[in-house]
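An overview of the molecular structure
Below are the chains, spelled out letter by letter.
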Number of protein chains: 2
Amino acid sequence: MRAEIISVGTELLLGHTINTDATHVARALSSLGMDLLQVHTVGDNGGRLESALREALGRAQIIITTGGLGPTDDDMTKETVARVTECPLEEDADSLRRLREYFGERPISANQLKQACLPRGSVAFPNDAGTAPGCAVPVGTGQWVILLPGPPSELLPMLENSVMPFLQKMADSVIASFMVRTFGIGEGAAALRIADLTEGGNPTAAPYASDAEMFVRVTAKAQSAAAAEALAMPVVDEVRARLGDVVYGINVTGLEAVVVDKLRESGQSLATAESCTGGLLAKRITDQPGSSEVFGYGLITYANEAKTKLLGVPEEMLAQHGAVSPEVARCMAVGVRERYEADYGLGITGVAGPGGGTESKPVGLVYVALSYGQDVWLRELRPQGRYLGREWTRRLASSHALDMLRRHLAGLPVEAQWAVEAR
Amino acid sequence: MRAEIISVGTELLLGHTINTDATHVARALSSLGMDLLQVHTVGDNGGRLESALREALGRAQIIITTGGLGPTDDDMTKETVARVTECPLEEDADSLRRLREYFGERPISANQLKQACLPRGSVAFPNDAGTAPGCAVPVGTGQWVILLPGPPSELLPMLENSVMPFLQKMADSVIASFMVRTFGIGEGAAALRIADLTEGGNPTAAPYASDAEMFVRVTAKAQSAAAAEALAMPVVDEVRARLGDVVYGINVTGLEAVVVDKLRESGQSLATAESCTGGLLAKRITDQPGSSEVFGYGLITYANEAKTKLLGVPEEMLAQHGAVSPEVARCMAVGVRERYEADYGLGITGVAGPGGGTESKPVGLVYVALSYGQDVWLRELRPQGRYLGREWTRRLASSHALDMLRRHLAGLPVEAQWAVEAR
């Protein structure tokens, strides 16, 4: 079953608002096995909305609009849909009752009242968080135009409570989707290894890159969830086998989620000592609900004095090797683990830039160390050819720290000089 | 000048990725005074991309595509644009040189090499954060198709460094845009205060909300930058006057930028003690280049024991009032300032959730304290009606901490119980 989304709102075209509505609706359609052909965003402009609607009606069975249902004169989605589908607006008794309930004793303006009018023959969707109901408008030929409000706080419950059950009845297949997530391999290299797997139509396998990580998405379509899953799993397993131990999880949210879960499972704890990442590593760990079980101490030792005072990095070491050095990274990881009695210690020191680089220690150079028992592992990260900016450098360093810990927790080799050898 | 965006990527249609690229490009076009007619999102599907391109070429002078420039077989934007514009792909010497630099001694696969080929006659845009260059492809009739990579880390610098200057040359007017940034006032309240200012066509004033902050963008269009600025400034001044001291800056990147700048100017230092924000506050501060001059120590005391050991919070206080209490927040702020010899200390403790709430201390409750000399200020944040999630709670708490410090640095009252009174 083919679907399209039309998002309505000048604020989207001015870049004031990110179109998360389209993402939510896309996800819902995908979970029902419906093919979303395209998303079209137009402004609060009746003419352009009308063209977009007519075009979409020529291609898809389900057209979902978001936005333009409110009480102001800018809101013209319903009027336009009524005109295009030739279903004139009529008062919907149930929607009117809900609107009166919402306003209670307060007077209702004519503009507000128009929200209780829906295109003739519509199925109304109540709005649990606002005044404008949504609806599904039948088009003569068995097609539906579904109208949803723009504010995500109104759209999300309506999607969940009304639209999904409505669409479920007409869905002819189910999609199973698996995201194989990796760290430590480039998109190009990964694509080569799985090239022959990406050619099939069902299941499909597609690689893509994001935030210094590489993902492969495997998707299968079938009559039931179990059948779709059974179709996808052999490809998921093959992708995992070919990419090897750079795969850190399937359908997980990130390295930090895997690390926190593994630490919780094994009853072990972590302490962190950060210089150039300045709290980003701790922030990623504590993004995870429940991280307090495994993470008690995080130190940001930006100043040299802080490294000495809080982690016991000797002043002589700082003077001799500099704060950005393998020695100091190791000492930070060991110091934070020992002083704060954690099972694992992570230390990061580097030049995030854009200033502060020297010839021997260029911007982008970072040392990451992991300490566990008597062992310490180190990765040296050097920008290859180009420095990619402060944010990228910090993100990459925190991901390496998490990856080193992830590998040790999984019983894999952590490597001594990862970046120099593998990049 | 009329523009359209075509975003390419199956991950967008499956709802795996939010289309922030379109928002960034839309904002850039808007700042140049260009009219964005619509945004079209299609999958990795040559046929649909081709139709979308042909339709857009019938309406707009500038068409910007995002995504589909990478090395894999899924990436077909460049090939499709080459076919539609009849500009066949040719090796671009400069892009090839950059690609070779990027790979250094490593071998370059054929897939990677194809990234150095651009449609004939293109203006190349170097990629500072990845391998695929962008480009502007001339269409016979004075139109341009501009191709940008999908990953935001690559698209954003290219947009800023190459595309904006390129488009600026063909814009028929100059836009001056001022973002008046506030913290501590709701969008509704702000909109009411400036309602009569938002009605003009040139300059325009538009309020919007983002990440618990509220901005007003004032934009004016004229023949020269100076004329546009002169047109905008009276409105900027009026907005600032009406909104008052919740305005923390104009055209600044965030509260953290203002705080770090002010600390550097005044030669003062800051130390932070975080519980529920888990490093987010320190991360925001160290996002700023040069923050090391003013920020030496950041402590994440997630465990009670850490609060005692590193900040001197008495065990009895933790036992009597609990870790989430005004007393502990105050003690954290004072402790971190005194122990680590900073001018300012910030302390944050709360229930970020989603678990861990109780009747008296619900999820979303956070205490934020600022210590300076003999003084301590406290804000209590309680979710109004609804808990808005872990990420929101943590973001809001870190913004309050920065705002308290910002107000003190600006000589404004910091307030004792901001949230209870003002929300």
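Owing to the predicted nature of the structure, the values given are computational and were not obtained by experimental measurement. (Residues numbered from 1 in each chain as written. Chains lettered and ligands numbered in written order. Predicted model: local features only at pLDDT ≥ 70, side-chain atom pairs only at ≥ 80, totals over all residues. Heavy atoms only, no water.)

**As for the sheet that holds strand E10 (residues 204–210) of chain A**
Residue and element names in this part refer to chain A. Defined as follows: Here, any two strands with at least 2 DSSP bridges between them count as paired. Secondary structure elements follow DSSP: runs of H or I no shorter than four residues count as helices, runs of E no shorter than two count as strands, and numbering proceeds from the N terminus. What counts as an axis is a line fitted to C-alpha atoms, over the stretch in contact for a helix, and the angles between N-to-C directions run from 0 to 180 degrees.
Strand order in the open sheet formed by 4 strands is E10-E11-E9-E12, and the pairing between neighbours is antiparallel. With partners counted over all chains shown, the strands left at the sheet margins are E10 and strand E12 (247–250), one partner each. Between one strand axis and the next, the sheet turns through 20 degrees on average, direction left out of account. Both E10 and strand E11 (residues 213–222) contribute to a ladder of 7 bridges, which runs antiparallel. Counterpart to Ala209 in the pairing with E11 is Met214.

**A few points about the interface of chain B and chain A**
Note the threshold: Contact between two residues is taken to exist if any of their heavy atoms lie within 4.5 Å; hydrogens are not considered. For any pair of parts, buried area is found by adding up, for both, the accessible area (1.4 Å probe) each one loses once the two are put together. Any Lys or Arg side-chain nitrogen located within 4 Å of an Asp or Glu carboxyl oxygen qualifies as a salt bridge.
Each partner contributes to the interface: chain B provides 76 residues, whereas chain A provides 74 residues. Around 6000 Å² of area is buried between chain B and chain A when both sides are counted, 54% of it from carbon and sulfur atoms. Per-residue buried area on chain B facing chain A is highest for Leu13, Tyr297 and Tyr302 of chain B; these three make up 10% of the total on that side. Taken together, the links from chain B to chain A amount to 2 salt bridges. A salt bridge links Asp287 of chain A to Arg394 of chain B; the shortest N-O distance between them is 2.8 Å.

**Some remarks on unusual backbone geometry**
Residue and element names in this part refer to chain B. Cis peptide bonds are those with omega within 30 degrees of zero, and the linkage from Asn202 to Pro203 qualifies with 0 degrees. Relative to the helices and strands, Pro203 is located in the loop between helix H8 (187–193) and strand E10 (204–210). The step from Gly353 to Pro354 runs through a cis peptide bond, and the omega angle for that step is 5 degrees. Mapping Pro354 onto the fold places it in the loop between strand E15 (344–350) and strand E16 (366–372).

**What to know about the packing of helix H12 (residues 304–311) of chain A against helix H14 (residues 326–339) of chain A**
All names here are of chain A. Heads up, the condition is: Note on convention: the crossing is left-handed when the near helix lies turned anticlockwise from the far helix by less than a right angle, right-handed when the turn is clockwise. Each residue gets one of three labels, nonpolar for Ala, Val, Leu, Ile, Met, Phe, Trp, Tyr, Cys and Pro, charged for Asp, Glu, Lys and Arg, and polar for the others, Gly among them.
Close contact between H12 and H14 brings their axes to 9 Å; oriented N to C, the two are set at 40 degrees. Of the two elements, H12 crosses H14, and the hand of that crossing is left-handed. Across the interface between the two elements, Lys307, Thr308, Lys309, Leu310 and Leu311 of H12 pack against Val328, Cys331, Met332, Gly335, Val336 and Arg339 of H14. Partitioned by chemical class, the residues of the contact of H12 with H14 number 6 nonpolar, 2 polar and 3 charged.

**A few points about helix H3 (residues 46–57) of chain B**
Residues and elements named next belong to chain B. We apply this condition: To estimate how far a helix should reach, multiply one less than its number of residues by 1.5 Å. Each residue gets one of three labels from its accessible area relative to the maximum for its type: buried under 20%, exposed over 50%, partly exposed in between, using a 1.4 Å probe on protein chains only. Throughout, the arc means the angular range of directions from the helix axis out to the C-beta atoms. Counting of polar contacts relies on pairs of N or O atoms within 3.5 Å, with two restrictions inside protein: one atom must be capable of donating a hydrogen and the other of accepting it, and residues adjacent in sequence are counted only when both atoms are side-chain atoms.
The terminal C-alpha atoms of H3 lie 16 Å apart, and with 12 residues this matches the ideal 16 Å at 1.5 Å per residue to within 8%. Taken together, the buried positions of H3 are occupied by Gly46, Leu49, Glu50, Ala52, Leu53, Ala56 and Leu57. Down the axis of H3, the buried side of the element spans an arc of 165 degrees, and every buried residue falls inside it. Those residues of H3 that are buried lie in contact with strand E1 (2–8), strand E2 (35–42), strand E3 (62–66), helix H4 (77–85), strand E7 (134–139) and strand E8 (143–148). Regarding H3, its N-cap is Asn45, as a side-chain oxygen of that residue lies 3.1 Å from the backbone nitrogen of Gly47 further along.

**Examining the packing of aromatic side chains**
Counted only if it meets this: The pairing test for Phe, Tyr and Trp rings, Trp by its six-membered ring, is centres within 6.5 Å, and the orientation test on the planes gives stacked under 30 degrees, edge-to-face over 60, and tilted for anything in between.
One pass over the full model with this rule turns up 12 aromatic pairs over all chains. Through pairs of rings, three or more aromatic residues link up here, namely Phe125, Trp144 and Phe166 of chain A.

**Structural notes on the UniProt feature "domain: MoaB/Mog" (unreviewed entry) in chain A**
Condition: UniProt positions are given in the numbering used here, feature names are shortened, and annotations may be inferred rather than shown by experiment.
Sequence positions flagged by UniProt for "domain: MoaB/Mog" (unreviewed entry) are, in local numbering, residues 4–169 of chain A. Between the C-alpha atoms that bound residues 4–169 of chain A the distance is 18 Å, and the span itself is 42% helix and 23% strand.

**A few points about the domain arrangement of chain A**
Worth spelling out the cut-off: Just so you know, the domain bounds were taken from an automatic or database domain assignment.
Parsing chain A into structural domains produces domain 1 (2–168), domain 2 (174–250) and domain 3 (255–422). Computed over C-alpha atoms, the centres of domain 1 of chain A and domain 2 of chain A are 34 Å apart.

**Some details on the nonpolar core**
Heads up, the condition is: We define a nonpolar core as any set of buried Ala, Val, Leu, Ile, Met, Phe, Trp, Tyr and Cys residues linked to one another through side-chain atoms lying within 4.5 Å.
Ranked by internal contacts, the top residues of the largest apolar core, which has 75 residues, are Leu405 of chain A together with Leu405 of chain B. With 8 residues, the single largest contributor to this core is helix H15 (residues 390–409) of chain A. Filtering out sequence-adjacent residues up to four positions away, Leu405 of chain A remains in contact with Val259, Leu263, Leu270, Tyr344, Leu346 and Leu370 of chain A. By size, the runner-up hydrophobic cluster in this structure holds 31 residues, among which are Val328 of chain A together with Leu310, Leu311 and Ala342 of chain B.

**Things to note about the pairing of strand E9 (residues 174–182) of chain A**
Residue and element names in this part refer to chain A. Most of E9 is tucked away: 7 of the 9 residues are buried. Of the pairings in the sheet, the one linking E9 to E11 comprises 9 bridges and is antiparallel in character. Each residue of the ladder has a partner; that of Ala176, found in E11, is Ala220. Relative to E12, E9 runs antiparallel, the two being bridged by 3 bridges. Following the sheet pairing, Arg181 is matched in E12 by Gly249.

**Notes on the side chain of Thr219 of chain B**
Residues and elements named next belong to chain B. By the secondary structure assignment, Thr219 is in strand E11 (residues 213–222). Overall, the relative accessible area of 8% leaves Thr219 in the buried class. Here Ser177 takes part through its side chain, which lies 3.4 Å from a polar atom of the side chain of Thr219. Other than its neighbours up to four places away in sequence, Thr219 contacts Ile175, Ala176, Ser177, Asn202, Pro203 and Thr204.

**Some words on the sheet that holds strand E12 (residues 247–250) of chain B**
Residue and element names in this part refer to chain B. Taking strand neighbours across the sheet as the criterion, the 4 strands line up as E10-E11-E9-E12 in an open arrangement whose pairing is antiparallel. The outermost strands of the open sheet, each flanked by one partner alone, are E10 and E12. Along the sheet, successive strands turn relative to each other by an average axial angle of 25 degrees, direction set aside.

**Quick notes on the pattern of salt bridges**
Per the stated rule, a full pass over the model turns up 41 salt bridges over all chains. Salt bridges linked by common partners bring Glu50, Arg54 and Arg83 of chain A together as one network.

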